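# Summary of the model geometry
In case you want the letters, here they are:
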Amino acid sequence: MTNQSANDRTIEDCARQSHAGTIDFGTVVERLTAAGVEAYHVDYRAGRSTYYTTDDQVHTFALALHEPAIADAFDGAAVQAAVRGAQQGEVKYPEFVRRTRAAGCVGYDVWIGGRQVIYHGRRGEQHIEWMPGAPPGRDNVEVVKQVYAAYARRDLGAALAFYAPAAQIDQSRELPWGDHYEGEAGVREFFARLLRSVDSTLALERFIDAGDHVVALGRSRGTEKAHGRRFDVPIAHVWHIRDGKVAGVYYHIDNPTMLAALG
């Protein structure tokens, strides 16, 4: 049997055992790496998983799981809980698929070389999980990512733990929640005003490491609460990190587009 044939059989066997729930994720990654797989994509809507090798071969297999229906809203915290359950051996793959579909996940990408898994929502939302052994990011970028992860879980207490006592938030006063805020009370007031106006999720596309400043680029998508109008606006958040804490954050968005949605 040629090496290529052996690798093909390994990929097929990993796909079959994964879908049956008889193999753990760590073992899958280890075997696929040995078979030359650098990444794979699982598409819940199309019902297939596609594997990509370092020599640009593509292998596609059908997914047998289709229930429950994929939820409309993306719940990053529920996806993270399913991941943690799988990591601890408490959630097998068929149950993992059911939980993540119920959390609004339409599929995910496993980047074996990059040591990360990216879970996707219907509107471009993302939840990123790093595999063990992933190269650590620079500290300030990691602080910002942790704050966003807490926001995605709607865990304001966890987010506040990353803010310095005199932290400041600024956003344009053109927006109903825009103003200058200081300290923990100010941060809480900002989010209270924001959540009274909109229900939103962030699809973060890029982090720019500028030393003690970190720029997060992406989009904010959601619904304004007064009339139920949907919005999708580009964002640029500029974070100032000092001694591992958020000293300030400046939220910039496409004001005209947001104001049009707010009516």
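Each remark here, short or long, concerns the structure printed above.
Heads up: these notes are all about the structure in this document. (Residues numbered from 1 in each chain as written. Predicted model: local features only at pLDDT ≥ 70, side-chain atom pairs only at ≥ 80, totals over all residues. Heavy atoms only, no water.)

This part takes up the packing of aromatic side chains. Per the stated rule, a full pass over the model turns up 15 aromatic pairs. Their ring planes at 75° and their centres at 5.8 Å tell us that Tyr51 and Phe61 sit as a pair that is edge-to-face. One end of the pair, Tyr51, is in strand S2 (residues 48–53); the other, Phe61, is in strand S3 (residues 58–62), and 10 residues separate them in sequence. Note on accessibility: Tyr51 and Phe61 belong to one class, buried. Aromatic pair Trp239 and Tyr251: ring centres 6.1 Å apart, planes at 85°, arrangement edge-to-face. Within this pair, whereas Trp239 is found in strand S11 (residues 230–242), its partner Tyr251 is found in strand S12 (residues 245–253), the two being separated by 12 residues in sequence. Residue Trp239 is classed as buried on the basis of its relative accessible area, which comes to 0%. Taken together, the aromatic side chains of Tyr148, Tyr151, Tyr181, Phe190, Phe191, Phe207, Trp239 and Tyr251 make up a single cluster linked through ring pairs. (Phe/Tyr/Trp six-rings, centres within 6.5 Å; stacked < 30°, edge-to-face > 60°. Helix = DSSP H or I, 4+ residues; strand = E, 2+ residues; numbered from the N terminus. Buried < 20%, exposed > 50% of the residue type's maximum accessible area, 1.4 Å probe, protein only.)

What follows covers the nonpolar core. If you look at the biggest cluster of nonpolar residues, it comprises 35 residues, and the most contacted ones within it are Tyr151, Tyr163, Ile169, Phe191, Trp239 and Tyr251. Setting aside its immediate chain neighbours within four residues, Tyr251 contacts Tyr151, Tyr163, Ile169, Asp170, Gln171, Phe190, Phe191, Ala236, His237 and Trp239. (Core = buried A, V, L, I, M, F, W, Y, C linked by side-chain atoms within 4.5 Å. Contact = heavy atoms within 4.5 Å.)

Here we take up the pairing of strand S4 (residues 105–111). Burial within S4 is extensive, with six of its seven residues counted as buried. Summarising the sheet, strand S1 (residues 37–43) and S4 pair through five bridges and their orientation is antiparallel. Across the sheet, Val42 pairs through a bridge with Tyr108, a residue of S4. Taken together, the six bridges between S4 and strand S5 (residues 116–121) define a ladder with antiparallel strand orientation. (Pairing = 2+ DSSP bridges.)

Relative to the 26 Å expected for 18 residues at 1.5 Å per residue, helix H1 (residues 3–20) spans 25 Å between its end C-alpha atoms, a close match to the ideal helical length. Buried within H1 are the following residues: Thr10, Ile11, Asp13, Cys14, Ala15, Gln17, Ser18 and His19. Here the buried face of H1 lies against helix H2 (25–34), S1, S2, S3 and helix H4 (93–102). Of the residues flanking the end of H1, it is Gly21, one or two places downstream, whose phi is positive at about 75°. (Expected span 1.5 Å × (residues − 1).)

All right, on to the sheet that holds S1 then. Overall, antiparallel pairing links the six strands, which are arranged S3-S2-S1-S4-S5-S6 in an open sheet. Sheet topology places S3 and strand S6 (126–130) at the edges, where each strand pairs with a single neighbour. Across the sheet, the mean angle separating the axes of adjacent strands is 15° when strand polarity is ignored. Sheet topology note: the S1/S2 ladder contains six bridges and is antiparallel. Among the inter-strand pairings, Tyr40 is bridged to a residue of S2, identified as Tyr51. Across the face of the sheet, H1 comes into contact with S1, S2 and S3 while running at roughly 30° to S3. Sitting on the sheet, H4 is in contact with S1, S4 and S5, with an inclination near 125° to S4. (Axes fitted to C-alpha atoms, helices over the stretch in contact; angles between N-to-C directions.)

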